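Given next are the chains, with one letter for each unit.
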Amino acid sequence: MDGIQIDDVDRSILHQLQLNARQTDTEIAEKVDVTSTTVRNRLDKLEDGGVIRGYRPEINYEQAGYPLHVMFVCTVNPNKLDSMTEEILDVRGVVTTRDLLGGERNVHVEVVADTVGEIEEIRNELADLGLTINSSEIISETRVQPWDHFYPRPGPDARQDEIDDGSVTDQG
């Protein structure tokens, strides 16, 4: 977050996005008690600054026809990890990679598939890339909740943002 200052208005907007990222700027503005222009300007700043990295649906893979959801715990040479991440994500069935600090068991690769045979193919492709697979775990459920640090605090000073951000508001 180099140089990006997050204030209470930003936190409130982030909290609203965590609750429902499909809300419009106007809907968020009503809940945060700022203008929709302020919301749009803040979202642009948070996106450009890398705080918001994307908007993705939360998918129930089993309901979507992929009943096998597996986490491979792997080891990769830390010096090669950055260059391998895209190759790992290119393997059909891989939905997420997580790089961990440390030497052993430093990559988690989440995959989905329809059959055990497909899981075995994915495992073999990952091994061919140079990953050492230490274990595999079947994921039965993943739950995510908004981080309470972004819970809105009382009385954010939105007026200051409307003055400082260079936006033009309709005075008529």
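So, a few notes on the structure that sits alongside this text. (Residues numbered from 1 in each chain as written. Predicted model: local features only at pLDDT ≥ 70, side-chain atom pairs only at ≥ 80, totals over all residues. Heavy atoms only, no water.)

**Notes on unusual backbone geometry**
1) Next: Positioned with a positive phi, Asp 33 is a non-glycine residue whose angle comes to about 65°.
2) Next: Tracing the chain through its elements places Asp 33 in the loop between helix H2 (25-32) and helix H3 (36-48).
3) Next: A residue is classified by how much of its surface remains accessible, and Asp 33, at 65% relative accessible area, is exposed.
4) Next: Positioned with a positive phi, Arg 105 is a non-glycine residue whose angle comes to about 50°. (Helix = DSSP H or I, 4+ residues; strand = E, 2+ residues; numbered from the N terminus. Buried < 20%, exposed > 50% of the residue type's maximum accessible area, 1.4 Å probe, protein only.)

**Some points on the pattern of salt bridges**
1) Next: Under the definition given, this model contains 7 salt bridges.
2) Next: With a shortest N-O distance of 2.9 Å, Asp 25 and Arg 40 are connected by a salt bridge. One end of the pair, Asp 25, is in helix H2; the other, Arg 40, is in helix H3, with 15 residues separating them in the sequence.
3) Next: Judged by its relative accessible area of 32%, Arg 40 is partly exposed.
4) Next: Asp 44 is the salt-bridge partner of Arg 40, the closest N and O atoms lying 2.9 Å from each other. Remark: Asp 44 and Arg 40 occur in helix H3; sequence separation between them is 4 residues, near one turn of the helix. (Salt bridge = Lys/Arg side-chain N within 4 Å of Asp/Glu carboxyl O.)

Geometric descriptors of this kind do not, in isolation, establish any biological role.
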